[in-house]
Structures are given as structure tokens and as C-alpha cells.
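Here are the chains, one letter per residue:
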Amino acid sequence: MLDWNRDPHRRWNPLSREWVLVSPHRTQRPWQGQVEEAPSSSQPDYNPACYLCPGNARAGGVRNPNYASTFVFDNDFAALKPDTPAGDFSHGGLLLAETEPGISRVVCFSPKHNLTIANMEPDDIRLVVDCWVDQFLDLGARDFINYVQIFENRGAMMGASNPHPHGQIWSCKTLPNQVASEQLSQQAWMAERGGCLLCEYVRIERSEGVRLVEENDSFLTVVPFWAVWPFETMILAKRHLTALDELTTAERAALADILKRTTARYDRLFQVPFPYTGGPHQRPTDGAPHREWHMHWHFYPPLLRSATVRKFMTGYELLGTPQRDLTAETAAERLRAV
Ligand code: H2U
Ligand code: ZN
């Protein structure tokens, strides 16, 4: 008798159009592999050696102002630069390259060195949301910027260079890979069925309830049916919003609220500041209406079974298909319980 909670199966990700292998019977396997250092939580609220704290000098020598809420600056070691000359080449149609102009920025969420989104005041997270909206509009208005990717790498395990609460924005001319796949999927769904893929997904998750983690008036957090990372989540707007600039005043506050609640659950899960990469996917800024886009947030946390045991994407996953042991439903249950 087939048991979806025990038997190996694969699940379809309708956004990336990829499968994930789920092997729930493996959750009991022993671990004698690499153990990480637990993320540390005690930090002073000002660190004279931090390049993001107010008034301090950055690595490039520029001094930060004495900022009081959020602070944005052009990345001193930018991955994308606005003055990149146009150019491309093709070697036999096989070796292809083209230049990519863009703008990279760093966003400090708070002047306090030791805060995180999970323990910031809702009104202060709301200021971060406002800042993201302003950046989306400012960067997106430039003719060579067709996509604005906002993200946060949190914790040394995810490669964050500094515990000071901050994120980054990389904006550029072409669509990033993940965004391009999601766009194709949403366009195809709308063309074939006349509705929005993620509006339909929101309906299913609200009626099933088993993968819900958090909910407020405007948003819900779920462990997506097709999650790859053990405690991966998605925040979905309940209303069909294509991008951050369509949020009402109340929805900006609701987004701040759901971000705080979601990250606070993460921190409670293993009693440590939970590492993750998180950020929104939304409408490109190429001037087209993109009604197919439904704004959402992804959280990709690496931790698997404790503060020190992480998931590795190796072996079958690099050569074949990503795989998980814990089902999305069990992960959601655990996040709901903390
Ligand atoms: P991460 O913690 O996600 O690495 O982001 C920090 C960014 O800050 C990183 O991209 C930039 C790095 O280039 N940075 C500066 O722009 N100036 C500095 O003085 C140090 C770090
Ligand atoms: Zn700092």
C-alpha cells in the first residue's frame, strides 16, 4: 500500500520546472560527517571593527554616515558595474559570452550591529521594506536595469561576511536564471489556463493547511510542496501583486510582520540565529506589465537536523536530482510547533 509519508517519490516544482526526490524513510540515518560550528548569538550593538556600523570606515576607505535607520551604499566590491561596455562573442555558437551591466548595492537594515530581522521592531522592519521598495523603483527606472534582485545572506554558513544586519541588491540587464525559469512557468500557466499559477497555489495551500507555517492578512508562509532544502519556505502574497511597488501601506506592514514571524520561527527551531539566503522574486523592470508575475519570497536555509548539521548538495544531487529526507509536511509541522 503506497504511503506518501514513507515511500520514495518525486515531486514537481512548477516554478523551476524541476523534480525533487523525496525519501522520507531515510530521516533516521546516522550522521558521522562534517559538523559545523554553531552560529554565535552574542554581539555588541556597536562594533568599532565593523565596516557596516554607523560612523565606521569601510574596506575601501569611505566612512559610513551616522545613520539612524536604514543605509544603502554602492558595493565597494561590486559584482555588476553600470559603466560596463556592451560586447558579445560567439565561438562557433558553442562558446558564448556577453557583457552584463548592472548596479550592486549593500543595504544596512539597522544601525544596531547585533540585531536581526527576527528581533527588530516591526516598525523598523517596515522601514527596511520601504527602503527595498525605493531601491526597486530607483534601480528599475534605469534603462539598462531589467531586473532587481534583493537578497540577504545571513550567517557565516551562508557566506555572509559580517553579522551586522544587512542585505544586498544586484540589479542588471538580463534576467537571472531562476527568475527566467519562473517567468516562463508563470507565462505558460497564464497562457494555457488564463489564471495565475501562484494564486492557484495559494488557494491549494490555504485549503490543505498541512504545509502552512505562518499567515497574516496579506501573506502566508509555507514549506512549498516541492521544497529542496529541509526547512525551505516561501512567503506568498495572498493578493495578486506583481512586485514590491504594488504593496499598499497596510501590506508593507504585513510583509514586515510575516518576515519577522518567519525568521523568528527559524531561530527557535534549533535555538540559534538560523542561517539562510532569503529574498523576493518579482516582476522584471523592463517596462512590460508582466501580469503573470506573482511576487513571493524564498528562504533557503542550509541546516538539516541541528544547529551544527547542515544539508549538503552533493552526489546524486549534483549529478542527478536534488533529494530530501524530511517531507515538506513534516518540516512545516516542526516549524509550526516552535
Ligand atoms: P555579504 O555579507 O552577503 O557578503 O555582503 C556584504 C557585502 O558588502 C559584500 O558584497 C560589501 C562586500 O563586497 N562590502 C563593501 O561594499 N564595503 C566594505 O567595506 C566591506 C564589504
Ligand atoms: Zn556593525
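Because the structure is predicted, anything quoted here is derived from the model rather than measured.

**Quick look at the overall build of the protein chain**
Summing up its helical and strand segments, the protein chain has six helices and 14 strands in all. Taking 2.2 N^0.38 as the reference for a compact globule, 338 residues should give roughly 20 Å; the C-alpha atoms of the protein chain span a radius of gyration of 20 Å, in line with that estimate. C-alpha extents for the protein chain along the principal axes are approximately 65 × 50 × 45 Å. Counting over 338 residues, the protein chain shows a buried share of 37%.

**Thoughts on the nonpolar core**
Taken as a class, soluble globular proteins show a tendency for nonpolar side chains to be buried jointly. The biggest cluster of nonpolar side chains holds 68 residues, and the ones touching the most others in it are Val223, Leu236, Leu255 and Ala331. Of all the elements, helix 1 (residues 122–140) adds the most residues to this core, at seven residues. Leu255 has contacts with Val129, Phe219 and Leu247, leaving out every residue within four places of it along the chain.

**Describing unusual backbone geometry**
For residues besides glycine, phi is generally negative; the peptide bonds are generally trans as well. Look at Gln271: it is not a glycine, yet its phi comes out positive at around 60 degrees. Along the chain, the position of Gln271 falls in the loop between helix 4 (249–269) and strand 12 (276–281). Its identity as a non-glycine residue notwithstanding, His290 has a phi of 50 degrees, on the positive side. Structurally, His290 can be placed in the loop between strand 12 and strand 13 (296–300). Residue class for His290 comes out partly exposed when judged on the 16 C-beta atoms lying within 10 Å of it.

**A word on the site of ligand 1**
By nearness alone, 13 residues border ligand 1, and Arg58, Ala59, Asp76, Phe77 and Ser161 come closest of all. Of the residues that constitute the shell around ligand 1, the class distribution is five nonpolar, six polar and two charged.

**Re the environment of Trp226**
For Trp226, the position within the fold is in the loop between strand 10 (219–222) and strand 11 (233–237). For the pair Trp226 and Met158, spaced 68 residues apart in sequence, the C-alpha to C-alpha distance is 22 Å. If we skip the residues at most four places from it in the chain, Trp226 touches Arg11, Trp12, Asn13 and Val20.

**Let's talk about helix 3 (residues 197–208)**
Between its terminal C-alpha atoms helix 3 stretches 17 Å, which fits the 16 Å expected from twelve residues at 1.5 Å a residue. Looking at the buried residues of helix 3, the elements they touch are helix 2 (177–193), strand 9 (212–215), strand 10, strand 11 and strand 13. Count one or two residues on from helix 3 and you reach Gly209, which has phi positive near 75 degrees.

**Considerations on the sheet that holds strand 3 (residues 71–74)**
Taken in spatial order, the nine strands make up an open sheet running 3-6-8-7-12-13-11-10-9, and their pairing is antiparallel. The sheet terminates laterally at strand 3 and strand 9, the two strands that pair on one side only. Averaged over all neighbouring strand pairs, the angle between strand axes comes to 20 degrees, with direction disregarded. Contacts from helix 4 reach strand 9, strand 10, strand 11, strand 12 and strand 13 within the one sheet, and its direction differs from that of strand 9 by about 140 degrees.

**What to know about the pairing of strand 7 (residues 147–154)**
Counting buried residues along strand 7, six of its eight residues qualify, which places the element largely inside the surrounding structure. Here five bridges tie strand 7 to strand 8 (residues 166–172), and the two strands are oriented antiparallel to one another. When the sheet's bridge partners are listed, Gln149 is paired in strand 8 with Trp170. The pairing of strand 7 with strand 12 spans three bridges and is classified as antiparallel. If you follow Asn153 over to strand 12, its bridge partner there is Thr277.

Reading guide: rules and limits
Residues numbered from 1 in each chain as written. Chains lettered and ligands numbered in written order. Predicted model: local features only at pLDDT ≥ 70, side-chain atom pairs only at ≥ 80, totals over all residues. Helix = DSSP H or I, 4+ residues; strand = E, 2+ residues; numbered from the N terminus. Rg over C-alpha atoms; globule rule 2.2 N^0.38 Å. Buried ≥ 20, exposed ≤ 12 C-beta atoms within 10 Å, placed from the backbone. Core = buried A, V, L, I, M, F, W, Y, C linked by C-beta atoms within 7 Å. Contact = placed C-beta atoms within 7 Å. Near = placed C-beta within 6 Å. Nonpolar A, V, L, I, M, F, W, Y, C, P; charged D, E, K, R; others polar. Expected span 1.5 Å × (residues − 1). Pairing = 2+ DSSP bridges. Axes fitted to C-alpha atoms, helices over the stretch in contact; angles between N-to-C directions.

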